[in-house]
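The chain contents come next:
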Amino acid sequence: MDRTVLLTELEELLSQHRDGLYTDGELASLCLEVMGRDPCGQVWEAFPERVKSFLIDRLGSFSDADDVVTFGHGDAQNVKREMLRVRAWLTDSGLI
């Protein structure tokens, strides 16, 4: 995926969060979704520190054996794949 598109989408999400459209938890979830499409340092560095900390904390103990519940906000298997993809990137990057 074109990283320019991802970075533009991320900037829009951050702007909408600043405007009160998204809570901190929703922002972290949306950032995970963006990162899950193409894990890379450029996208990671654009995240606010609190989102980075949240993702490192949550994905540090996440594994393929864990179940994912999305409450109808997405396909659980796709979300799990994104989470595992981001976790692998964080591990390879030495962040967990």
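Residues numbered from 1 in each chain as written. Predicted model: local features only at pLDDT ≥ 70, side-chain atom pairs only at ≥ 80, totals over all residues. Heavy atoms only, no water.

Participant: Give a detailed account of helix 2 (residues 24–37), specifying residues and quantitative values.
Facilitator: End to end, helix 2 covers 20 Å across 14 residues, agreeing with the expected 20 Å (1.5 Å per residue, within 8%). When helix 2 is considered as a whole, its buried residues turn out to be Leu27, Ala28, Cys31, Leu32, Val34, Met35 and Gly36. Where helix 2 is buried, its residues contact helix 1 (3–18), helix 3 (41–46), helix 4 (49–60) and helix 5 (76–92). (Helix = DSSP H or I, 4+ residues; strand = E, 2+ residues; numbered from the N terminus. Expected span 1.5 Å × (residues − 1). Buried < 20%, exposed > 50% of the residue type's maximum accessible area, 1.4 Å probe, protein only. Contact = heavy atoms within 4.5 Å.)

Participant: Let's hear about the pattern of salt bridges: which residues, and what values?
Facilitator: All told, the structure shown has 8 salt bridges when counted by the stated rule. The salt bridge involving Asp64 is made with Lys80; its shortest N-O contact spans 3.9 Å. Of this pair, Asp64 sits in the loop between helix 4 and helix 5 while Lys80 sits in helix 5; the two residues are 16 residues apart in sequence, bridging distant segments of the chain. A single network of salt bridges, built from pairs that share partners, joins Glu9, Glu33 and Arg37. (Salt bridge = Lys/Arg side-chain N within 4 Å of Asp/Glu carboxyl O.)

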